[in-house]
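So the chains spell out like this:
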Amino acid sequence: MKALVYTGERTMRYRDEPDAEAAAGEALLRVDAAGICGSDMHAYHGHDPRRVPPLILGHELVGTIVDGADAGRRVTANPLITCGRCDYCVQGRQNLCSNRTMIGMSRPGAFAERISIPRSSLIDIPQDMDSRAAALTEPAATALHALDLSTRALRRPLPEARVRVIGAGAVGLLCALLARSHGCLELSIAETNPLRRDAAQRAGLRAVDPRQDDEDEHAREAFELVIDAVGSSHTRNAALRGLRPGGVFMHVGLQDWASEIDMRKLTLAEITLLGTYTYTTADLRATVRALHAGVYGDLGWVEERSLADGAAAFADLDHGRSAAAKILLRP
Ligand SMILES: [Zn+2]
Ligand SMILES: [Zn+2]
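As the structure is a prediction and not an experimental result, all values here were calculated from the model.

A.B. asks: Tell me what's going on with the sheet that holds strand 4 (residues 55-56), and back it up with residues and numbers.
C.D. replies: By way of backbone hydrogen bonds, the strands of a sheet pair with one another, either parallel or antiparallel. Ordered in space as 2-1-4, the three strands form an open sheet in which the pairing is antiparallel. Because the sheet does not close on itself, it has two edges, and the strands there are strand 2 (11-16) and strand 4. Direction of pairing for strand 1 (residues 2-8) relative to strand 2: antiparallel, over a ladder of six bridges. Bridge pairing in strand 2 places V5 opposite R13.

Here it is as structure tokens:
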């Protein structure tokens, strides 16, 4: 089968690979589309020690089962493969499973014509669901999980919160679009790339350039909730400056792993700092329903390309040449 293989730092090769074969308890899927995630870009830059080349990346997929009694059924999947038995799994917190592995990381991913995946990881979709929407299930579930945790930490209902999202990549956009659908009245998204700012505006969001943002806007503590979908030293500090006392700081992106933040402000202003990681099975199922219902709008910011041109897509994302917050690759 053809696959796009990460072979080394900043190198993706479209080449022949051994056909995927279904192990016991697994289903073989024909991949219809698979999205490029920020974490795939992180691996591409050689910054993810868990993703060791040569490796087929990709974990955001929609596909069609090709074997067994349900051949022909369209599905998406939970790329986190969890044990179902540990304390976290039995609590429904599969994202924290003590024994989890992940497709496109510890086993071959979805940038291929076919993939084998445990049947327990398959997520049903309406059979008429647009494959572009279905392929967004994984990042949209990440946004839903983050917004759900944020909402629980806020003292007042989410629609009353002044919300700032940092970063108009897919997860940032999806967080903002979901917050809008929940009725947030004062909502903005900060993005330095002008192409992505335009895309966010076209999606109906108020996009601001944080560098031209009135410097005092952050200083004057404007938001009850800041969602950092970038996660750099710089954005963490901007997020904390922007929060009002009692506010919630949701940390979603993970560009840099460590930095100093203002612990004095965090402490004296009673800021709630939250981490979030992926999604539960329930989040994925709820997200399929939301995407199918059109909660996220027309998804005009999603671009589709051929898997054979995948290497160029990675390079374009690397150089900030693409306005698309999400590129889907179709085998
Ligand atoms: Zn992802
Ligand atoms: Zn588990």
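A.B. asks: Before we move on, could you go through the coordination of the zinc ion (ligand 1) and cite the residues and values that matter?
C.D. replies: The coordination sphere of the zinc ion (ligand 1), as far as protein atoms go, consists of C37 (SG) and H59 (NE2), spread over 2.1 to 2.4 Å. On the criterion of sequence distance, the pair formed by C37 in the loop between strand 3 (26-35) and helix 1 (38-44) and H59 in the loop between strand 4 and strand 5 (60-65) is long-range, its members being 22 residues apart. Each member of the pair C37 and H59 is classed as buried.

A.B. asks: Got a sec to walk through the coordination of the zinc ion (ligand 2)? Specific residues and values, please.
C.D. replies: Protein-derived coordination of the zinc ion (ligand 2) comes from C83 (SG), C86 (SG), C89 (SG) and C97 (SG), at a distance range of 2.3 to 2.4 Å. Mapped onto the sequence, the donors of the zinc ion (ligand 2) take the spacing C-x2-C-x2-C-x7-C. Taking the relative accessible area as the measure of exposure, C86 reaches 11% and is therefore buried. Residue classification places C89 among the buried residues on the basis of a relative accessible area of 7%.

A.B. asks: Describe in detail helix 10 (residues 281-292), supporting the description with residues and values.
C.D. replies: Taking 1.5 Å as the rise per residue, helix 10 with 12 residues should run 16 Å; its terminal C-alpha atoms sit 17 Å apart, in good agreement. Restricting attention to buried positions, one finds in helix 10 the residues D283, L284, T287, V288, A290 and L291. Buried positions in helix 10, seen along its axis, are confined to an arc of 165° and lie on one side of it. Among the exposed residues of helix 10, those oriented more than 90 degrees off its buried face are A282, R285 and R289. Tucked inside the fold, the buried residues of helix 10 contact strand 6 (74-77), strand 10 (122-124), helix 3 (131-135) and helix 4 (137-153). G294 sits one or two positions beyond helix 10 and adopts a positive phi of about 85°.

A.B. asks: Break down the nonpolar core for me, with residues and values.
C.D. replies: Counting 56 residues, the largest nonpolar core has V163, L173, I189, L225, I227, Y296 and W301 as the members making the most contacts within it. The element best represented in this core is helix 5 (residues 170-181), accounting for eight residues. For Y296, the residues in contact, after removing those within four places along its chain, are A140, L174, L177, L178, A290 and L291. In this structure, A3, L55, I56 and I327 belong to the second largest nonpolar core, which totals 39 residues.

Rules used throughout
- Residues numbered from 1 in each chain as written.
- Chains lettered and ligands numbered in written order.
- Predicted model: local features only at pLDDT ≥ 70, side-chain atom pairs only at ≥ 80, totals over all residues.
- Heavy atoms only, no water.
- Pairing = 2+ DSSP bridges.
- Helix = DSSP H or I, 4+ residues; strand = E, 2+ residues; numbered from the N terminus.
- Donors = N, O, S within 2.8 Å, 3.2 Å for Na, K, Ca; no water.
- Buried < 20%, exposed > 50% of the residue type's maximum accessible area, 1.4 Å probe, protein only.
- Expected span 1.5 Å × (residues − 1).
- Arc of directions from axis to C-beta.
- Contact = heavy atoms within 4.5 Å.
- Core = buried A, V, L, I, M, F, W, Y, C linked by side-chain atoms within 4.5 Å.

Don't take any of this as a statement about function, it's just geometry.
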